[in-house]
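# Coordinate inspection notes
The primary structure of each chain is shown beneath.
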Amino acid sequence: SVAWSHKGDRIASGSCDAVRLWKLTRKRKQNKQSEITGGDVVGCVEETGVIWAICWSEDDSCLACGSSDNTIRILDSKHIDNYDTNANMKTLRRLEAHHGVVRSVTFSPRSAAKRYLASGGDDSLVVIWE
C-alpha cells in the first residue's frame, strides 16, 4: 500500500515486513515546475503482518496502517524529520477489534468536530475509532 502525505513531500509505503516513510527530493525545472527526482527512507517500523492499508491524518502528524495480523497501528510521523535514516517510528496506538485482515483505513476530515478513524476488514466490519 502507498499513500502521499497531504503536503506532498512524503510517501508512506507498506509491505510484507515494514512501513517506510520516504522524504521526496524535488528539483526545480527551468519552467518553474518541480519534479520528483528521488527519495530517501527517513523512517521505518517493522511489522508482524502484511500492510494492506495506509492513510495519513489530515495534518500529516500520524499514519494509520491496517495489517494482515488484524490490527491497526497509529504511527508518529510528525517528528519524522528528526529521525535518522531508517530510524524506528514510534507506535502511538495499537488498535484491535477486527477478526480478519484490515484492508482499509481512513481519517475523518478536519472539519469534523472530533478526529475519528474508520477501518474495514475481511470480517465485514467497519469500526469507528476515537
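See the structure shown above.
Here's what I pulled together on the structure shown here. The model shown is predicted, which means the values in this text are computed figures rather than measured ones.

Calculation rules
Residues numbered from 1 in each chain as written. Predicted model: local features only at pLDDT ≥ 70, side-chain atom pairs only at ≥ 80, totals over all residues. Heavy atoms only, no water. Helix = DSSP H or I, 4+ residues; strand = E, 2+ residues; numbered from the N terminus. Buried < 20%, exposed > 50% of the residue type's maximum accessible area, 1.4 Å probe, protein only. Contact = heavy atoms within 4.5 Å. Areas by Shrake-Rupley, 256 points an atom, 1.4 Å probe, with all protein chains shown as cover. Pairing = 2+ DSSP bridges. Axes fitted to C-alpha atoms, helices over the stretch in contact; angles between N-to-C directions. Salt bridge = Lys/Arg side-chain N within 4 Å of Asp/Glu carboxyl O.

Assigned secondary structure in the protein chain consists of 0 helices and 11 strands. Across the protein chain, helices and strands are ordered from the amino to the carboxyl terminus as β-β-β-β-β-β-β-β-β-β-β. Out of the 130 residues belonging to the protein chain, those deemed buried represent 45%. Within the protein chain, residue pairs in contact and separated by at least 24 positions form 44% of the contacts whose partners lie at least 6 positions apart. Carbon and sulfur atoms form 48% of the exposed surface of the protein chain, whose accessible area is close to 7,400 Å².

With that settled, consider the sheet that holds strand β11 (residues 126–129). Taken in spatial order, the 3 strands make up an open sheet running β9-β10-β11, and their pairing is antiparallel. Where the open sheet ends on each side, the last strands, each with one partner, are β9 (102–107) and β11. Strand-to-strand twist across the sheet, computed as the mean angle between neighbouring axes with direction ignored, equals 20 degrees. Direction of pairing for strand β10 (residues 117–121) relative to β11: antiparallel, over a ladder of 4 bridges. Among the inter-strand pairings, G120 is bridged to a residue of β11, identified as V126.

This part is about the pattern of salt bridges. Side-chain pairs of opposite charge can arise where the charged atoms are in close proximity. One pass over the full model with this rule turns up 7 salt bridges. Between D69 and R94 there is a salt bridge, and its shortest N-O distance comes to 3.6 Å. Taken together, the residues D69 in the loop between β6 (62–67) and β7 (71–76) and R94 in strand β8 (residues 91–96) connect sequence positions 25 residues apart. Residue E96 pairs with R94 through a salt bridge whose shortest N-O separation is 3.5 Å. By relative accessible area, E96 is classed as exposed at 58%. The partly exposed category is assigned to R94, whose relative accessible area is 43%. Linked by salt bridges that have partners in common, D69, R94 and E96 make up one network.

Pairing in this open sheet of 4 strands is antiparallel, and the strands run β5-β6-β7-β8 from one edge to the other. Each edge of the open sheet carries a strand with a single partner, namely β5 (51–56) and β8. Geometrically, the sheet is characterised by an average inter-axis angle of 20 degrees between neighbouring strands, direction not taken into account. Looking at chain direction, β6 and β7 are connected through 5 bridges and run antiparallel.

This next bit is on the pairing of β7. With respect to burial, β7 is a largely interior element, 6 of its 6 residues being buried. Of the two faces of β7, both are covered, the one formed by T71, R73 and L75 as well as the one formed by I72, I74 and D76. The turn linking β6 back onto β7 is made up of 3 residues, and N70 within it adopts a positive phi angle of 70 degrees. Where β7 and β8 come together, 5 bridges link them in antiparallel fashion. By the bridge assignment for β8, I72 is matched with L95.

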